[in-house]
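Summary of the model geometry
Residue strings, one per chain:
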Amino acid sequence: MAPVAGLLTEARERTDALLAHWATRLQAEIGGRHGEALAYALRTPGKRVRAALVLSAFRSVGGTSPAIAGVAAAVETVHAYSLVHDDLPCMDDDDLRRGRPTTHRQFDVPTATRVGFLLVPVAARVLAAAAEELALPADTLGDMASELFQAGGIEGMVGGQWLDLEAERRTLTLPQLMAVHRGKTGALIRASCTLGGIAAQAAPAQVAALTAFGEDVGLAFQIADDVLDCTGTSEELGKTAGRDAALAKSTYVSLLGVDDARREAEALARRAVGRLERGGVPSGALGALAGYIVSRNS
Ligand code: GRG
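From a predicted model like this one, the values you see are computed outputs, not experimental measurements.

1. A short note on the pattern of salt bridges
Under the defined criterion, the tally for this structure stands at 19 salt bridges. A salt bridge links R14 to E10; its shortest N-O distance comes to 2.9 Å. Of this pair, R14 and E10 both sit in helix α1 (residues 4-30), separated by four residues, roughly a single helical turn. Residue R59 pairs with E10 through a salt bridge whose shortest N-O separation is 2.6 Å. Here R59, found in helix α3 (residues 49-60), pairs with E10, found in helix α1; they are 49 residues apart in sequence, far enough to count as distant. What emerges from the salt-bridge pattern is a single network uniting D92, D164, K184 and K249.

Have a look at this one:
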């Protein structure tokens, strides 16, 4: 397995540099408090797991261009939007994110709401710029845009969040919870893997294997997140720990307990690697990331 720390460091450095570039540019374009808040949301530091998945998926099927970092930055921009809105009082109502005040705490609720919406077209601009730098044909950019924005939409992240909000103070069945997780968190992680394959113009069978890998890893990611929410501290997580219990949410931990939830995440990570191997995609870096995702402690 490839050393995961190096992969994450590379993904973080390259994505952070690009997001900082866009933050400066957009702050100048928008100006005032909204420009400042947009730059704040784009610059807030994350682990960049989704970016690392884009980079690794791209390389696993023969991609070599450093311009793939732009695709990773586009995915991280959609993710940044989701965090700004997720933390709002009308959603999970949180004060702390990535070790800093949430955007609405640092600024105010109307500003954070508008900035969250603004980040969606920003992600489209970042993706289009990356496709140009990668010299991809227009139909490949179209495929990438469909993948990213469908994953971010009602069939994916928004739909999953919607179900999640409706599920507060209700006990879900395991299949219902899987539907929430696959949408809310899994769809963007799955899209990160698929996008790496599309950007490399890989064979359809390889793209399908990357998608299948991403689907299992996406679910495993949210299960691991459920475990961390009840086992980690706010300091370790950079966000308020114990939020799921406070909001009376059904989680893998509330349905299965910590140990079985961990085992389920590990089994999904193993199955994900098997899906790559069966699809003829080398599993080195992606396998290492799957392992990190289920064993991380922050
Ligand atoms: C209109 C209903 C409606 C929804 C809007 C807000 C939203 C869309 C979706 C929420 C999606 C969301 C925040 C899911 C949780 C994903 C998750 C586990 C985030 C934490 O990811 P990490 O650990 O965070 O990768 P970092 O900070 O490292 O990037």
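2. Some remarks on the nonpolar core
Grouped together as the largest cluster of nonpolar side chains are 85 residues, with contacts concentrated most on L53, V71, L119 and F213. In contact with L119, other than residues within four places in its own chain, are L38, A41, L42, T77, A80, Y81 and V84.

3. Here we look at the site of the ligand
Lining the immediate surroundings of the ligand are 21 residues, of which K47, R50, H79, R98 and Q161 lie closest. Contact distances for the ligand include 2.5 Å between an oxygen atom and a side-chain N or O atom of K47. Between the ligand and H79, the relevant distance is 2.8 Å, taken from an oxygen atom to a side-chain nitrogen or oxygen of the residue. Protein chains bury 89% of the 750 Å² of accessible surface belonging to the ligand in isolation. Listed by contribution, the elements that provide at least two residues to the shell around the ligand are α4 (68-86), α8 (157-166), α9 (174-199) and α10 (204-231). Looking at the shell around the ligand element by element, the count peaks at six residues for α4.

4. A look at the side chain of T103
Here T103 is to be found in helix α5 (residues 103-106). In contact with T103, other than residues within four places in its own chain, are A37, Y40, A41, V84, D108 and A112.

5. Considering helix α6 (residues 109-133)
The terminal C-alpha atoms of α6 lie 36 Å apart, and with 25 residues this matches the ideal 36 Å at 1.5 Å per residue to within 8%. Those residues of α6 not exposed but buried are T111, A112, V115, G116, L119, V122, A123, V126, L127, A130 and A131. In this fold, the buried residues of α6 make contact with α1, α2 (32-43), α4, α5 and α7 (138-151). Backbone geometry just after α6 places A135 at a positive phi near 55 degrees.

Conventions used here
Residues numbered from 1 in each chain as written. Predicted model: local features only at pLDDT ≥ 70, side-chain atom pairs only at ≥ 80, totals over all residues. Heavy atoms only, no water. Salt bridge = Lys/Arg side-chain N within 4 Å of Asp/Glu carboxyl O. Helix = DSSP H or I, 4+ residues; strand = E, 2+ residues; numbered from the N terminus. Core = buried A, V, L, I, M, F, W, Y, C linked by side-chain atoms within 4.5 Å. Buried < 20%, exposed > 50% of the residue type's maximum accessible area, 1.4 Å probe, protein only. Contact = heavy atoms within 4.5 Å. Near = heavy atom within 4 Å. Polar contact = N/O pair within 3.5 Å; in protein donor to acceptor, adjacent residues only side chain to side chain. Areas by Shrake-Rupley, 256 points an atom, 1.4 Å probe, with all protein chains shown as cover. Expected span 1.5 Å × (residues − 1).

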